[in-house]
Amino acid sequence: MPALFPRERLESAALGAIALQTPGVAPLEGAPPKFLTSQSPYESLSRTNPSTRPRKSSEVTMALPRTFSRRKREAAAGPRDVYIYDAFSNKVRVQIVQILMEGFGEYGDYNTNASWWNAIVVELRKDKGVFHLTDGYEQLDLEFCNWLLKEQDIDVLLDGIESAIQYLLAFRRGQKSNGADKVAEINARLQEAAVGYEFASNQLIRIDNLVVHTSVVVPALVLLSSPEFSSADKEYLDAHAAFRAGDYESSLVDCAKAFESVLKVIGEARGWAIGSNDTASKLVGAAFAHDFVPQYMQSQFTALRSMLESGVATIRNRMGAHGAGPKARAVDKHLAAYQLHQTAAAIVFLVEQHNSLPQ
């Protein structure tokens, strides 16, 4: 019987796979004509629409011509996000191959899994309009897996991954292990690699197709890209990175830091009597005292402050040195996800409120 997955074939295919790069936008270079600037030094264009950041009273702005090339660049750049959607690293491809091989088990002409590999490969060949997904492999599992390592069309690659997972679940139906653990691992690997897809409801979906992500998280990232919020931007991105890595406690901590950083920037710009080491409680109190948060919303921010402060024992910087004690702390994934979204919603409100109110 042939080897399960010849190492030399897998490594050769893996090393030969072309690295996919996320398309970017070349930065504009050079200084503008002097008549377009004020006395202040010329500032580079922000990563986002300059209208989303607060302006100083002395700052002169100009709307650049809406030329075809500029519109094309902006459309290609798309909104800022914590996930990527048009690139799969070689590492995550190999991980998916390994999980699928584990899920279906050792290949063999007389094993029940052979017919399932045949169904996957025949379906994909037909969709692609080819006789072979990739040349040089007699076993259908090797043909599919080595194709997965090298396919450059991301949409077609996603078709293959989705089909393979669907067939895996059908293959394992009725068995002691129904394949849900393999799906969970694939989702975890995609999340860890910041690839913006997950398998749910028997199909692959884009993370940004989730309403809360598109309407809350992405707008928060756009607003935080303004230079004055650079610290909060890093902290909120760190919260997402910790969440993807499964470190939900650190994700809550970084949410708290981002929330506080935004309030400190706003408070300093508006002359509130706050200090650099003030807690969320004092910062939110200052916002209330200056009528920055409307009365009808103050109870919501009080609840958010309580969540940030008491969600875990290390939520405050000054408590970061405290150990977990005899029992390890466990923060649930759904709590961390809720806090990521709630913090984003609070950031969107705070920054947009700051931009809309006179100072």
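Since this is a predicted model, take the numbers as computed values, not measurements.

A. Spatial organisation of the overall build of the protein. Counting secondary structure elements, the protein contains 13 helices and two strands. Each of the 359 residues in the protein was classed as buried or not, and the buried ones make up 44%. Taking contacts inside the protein between residues at least 6 apart in sequence as the whole, the part at least 24 apart equals 67%. With the model as given, the accessible surface of the protein reaches about 19700 Å², and the carbon-plus-sulfur share is 53%.

B. Representation of the environment of Phe-104. When you line up the elements, Phe-104 lands in helix α3 (residues 90-104). A sequence separation of 64 residues divides Phe-104 from Leu-168, and the C-alpha atoms of the two residues are 6.6 Å apart. Once you skip the residues sitting within four places of it in the chain, Phe-104 turns out to touch Asn-113, Trp-116, Trp-117, Ile-120, Ala-164, Tyr-167, Leu-168 and Phe-171.

C. Geometry of the layout of surface pockets. Approximately 400 Å³ is the volume found for the second largest pocket. As for the second largest pocket, its lining consists of 24 residues, of which Tyr-83, Gln-191, Glu-198, Phe-243 and Lys-333 are closest to the centre. The element contributing the most residues to the lining of the second largest pocket is helix α7 (residues 180-192), with six residues. Residue composition of the lining of the second largest pocket, by class: 13 nonpolar, six polar and five charged.

D. Representation of the packing of aromatic side chains. Evaluation of the coordinates by the stated rule reveals 10 aromatic pairs. A centroid spacing of 5.8 Å and a plane angle of 80 degrees characterise the contact between Tyr-85 and Tyr-197, whose relative ring orientation is edge-to-face. Of this pair, Tyr-85 sits in the loop between α2 (68-77) and α3 while Tyr-197 sits in strand β1 (residues 197-200), and the two are 112 residues apart along the sequence. Overall, Tyr-197 belongs to the buried group, its relative accessible area being 7%. Between Trp-116 and Phe-171, the ring centres sit 5.9 Å apart and the planes meet at 65 degrees, which makes this aromatic pair edge-to-face. Here Trp-116 is found in helix α4 (residues 113-128), whereas its partner Phe-171 is found in helix α6 (residues 154-172), with 55 residues between them in sequence. Taking relative accessible area as the criterion, Phe-171 reaches 12% and is therefore assigned buried.

E. Expanded view of α4. Compared with the 22 Å implied by 1.5 Å per residue over 16 residues, the 23 Å span of α4 between its first and last C-alpha is a close match. Among all positions of α4, only Asn-113, Ala-114, Trp-117, Ile-120, Val-121, Leu-124 and Arg-125 are buried. Buried residues of α4 fall within an arc of 130 degrees about the axis and therefore sit on the same side. Of the exposed residues in α4, those oriented more than 90 degrees away from the buried face are Lys-126 and Asp-127. Looking at the buried residues of α4, the elements they touch are α3, α5 (140-150) and α6. Two residues or fewer after α4 comes Gly-129, characterised by a positive phi angle close to 70 degrees.

F. Structural detail: the side chain of Glu-143. By the element assignment, Glu-143 lies in helix α5. Every residue in contact with Glu-143, bar those within four places of it in the chain, is listed here: Val-121, Arg-125, His-132, Leu-133, Thr-134 and Tyr-137.

G. A look at the pairing of β1. Of the two faces of β1, the one lined by Tyr-197 and Phe-199 is fully buried and the one lined by Glu-198 and Ala-200 carries no buried residue. As defined by bridge partners, β1 adjoins strand β2 (residues 203-206) across four bridges and the pair is classed as antiparallel. Bridging from a neighbouring strand, Tyr-197 pairs with Arg-206 of β2. Here β1 folds back onto β2, and the loop between the two strands holds two residues, one of which, Ser-201, carries a positive phi near 55 degrees.

H. Spatial organisation of a negative patch on the surface. Residues Glu-123, Asp-127, Asp-153, Asp-155 and Asp-159 make up a contiguous surface patch of negative charge. Elements supplying a minimum of two residues to the negative patch: α4 and α6. Inspection of the secondary structure puts Asp-159 in helix α6. In this structure Asp-159 comes out as partly exposed when scored by relative accessible area, which is 41%.

I. A look at the environment of Asp-278. Relative to the assigned elements, Asp-278 resides in the loop between α10 (248-269) and α11 (280-289). Taking the C-alpha atoms as reference, Asp-278 lies 8.6 Å from Glu-260; in sequence the two are 18 residues apart. A polar contact is formed between the side chain of Asp-278 and the backbone nitrogen of Gly-275, at a distance of 2.7 Å.

J. A look at the pattern of salt bridges. Overall, the coordinates contain six salt bridges when judged by the stated rule. Two residues, Glu-102 and Lys-182, come together in a salt bridge whose shortest N-O distance is 3.2 Å. Linking Glu-102 in helix α3 with Lys-182 in helix α7, this pair joins segments that are 80 residues apart in sequence. The salt bridge partner of Glu-143 is Arg-125, with a shortest N-O separation of 2.7 Å. In this pair, Glu-143 is assigned in helix α5 and Arg-125 in helix α4, connecting sequence segments 18 residues apart. Side by side, Glu-143 and Arg-125 carry an identical accessibility label, which is buried.

K. Representation of the packing of α6 against α7. Between α6 and α7, the shortest axis-to-axis distance is 9 Å and the interhelical angle comes to 155 degrees. Put simply, α6 runs roughly antiparallel to α7. Two secondary-structure elements touch here, α6 through Ile-165, Leu-168 and Leu-169 and α7 through Ala-180, Lys-182, Val-183 and Ile-186. Among the residues making up the contact of α6 with α7, the classes are represented as six nonpolar, no polar and one charged.

Definitions and cut-offs
Per-chain numbering applies: the sequence of each chain, read as written, is numbered from 1 onward. Reporting of local features is limited, given that this is a predicted model, to residues whose pLDDT is at least 70; pairs of side-chain atoms are given and counted only at 80 or more, and all residues count toward the totals for whole chains, interfaces and linings. Neither water nor hydrogens contribute to the side-chain values; these are computed over all heavy atoms in the structure. Numbered from the N terminus, helices here are DSSP runs of H or I no shorter than four residues, and strands are runs of E no shorter than two. Only protein chains enter the accessibility calculation, which uses a 1.4 Å probe. A residue is then buried if its area is under 20% of the maximum for its type, exposed if over 50%, and partly exposed in between. When checking whether two residues touch, look at their non-hydrogen atoms; a contact exists if any pair is within 4.5 Å. Each accessible area value is a Shrake-Rupley result obtained with a 1.4 Å probe; residue values ignore everything except the protein chains displayed when judging cover. In this analysis a 1.4 Å probe is tested at points of a 1 Å grid over the protein atoms alone, and where it fits but cannot get out there is a cavity; an open set with protein on both sides within 12 Å along at least five of seven lines is a pocket; lining residues have an atom within 4 Å of a point. Grid points are joined across faces, edges and corners, and a volume is the space filled by probe spheres set on the points. Amino acid classes used here: Ala, Val, Leu, Ile, Met, Phe, Trp, Tyr, Cys and Pro are nonpolar; Asp, Glu, Lys and Arg are charged; the rest, including Gly, are polar. Pairing of aromatic rings covers Phe, Tyr and Trp, the last through its six-membered ring, and needs centres within 6.5 Å; plane angles under 30 degrees mean stacked, over 60 mean edge-to-face, and all others mean tilted. A helix's residues, less one, multiplied by 1.5 Å, set its expected span. What the arc measures is the spread of directions leading from the helix axis to the C-beta atoms. Two strands are counted as paired when DSSP detects at least two bridges linking them. Patch building starts from residues that exceed 30% relative accessible area and form no salt bridge, then joins like charges within 9 Å and nonpolar side chains (Val, Leu, Ile, Met, Phe, Trp, Tyr) within 5 Å. For salt bridges, the criterion is a side-chain nitrogen of Lys or Arg within 4 Å of an Asp or Glu carboxyl oxygen. Positive: Lys, Arg. Negative: Asp, Glu. His and the chain ends are not part of the count. A charged residue contributes its charge at one atom only: NZ of Lys, CZ of Arg, CG of Asp or CD of Glu. Here a polar contact means two N or O atoms within 3.5 Å. Within protein one must be a hydrogen donor candidate and the other an acceptor candidate, and residues neighboring in sequence count only if both atoms are side-chain atoms. Note on method: axes are straight lines fitted to C-alpha atoms, helices fitted across the in-contact stretch only, with angles between N-to-C directions ranging 0 to 180 degrees. When an angle is under 35 degrees it counts as roughly parallel; over 145 it counts as roughly antiparallel; between 65 and 115 it counts as roughly perpendicular; any other value is oblique.

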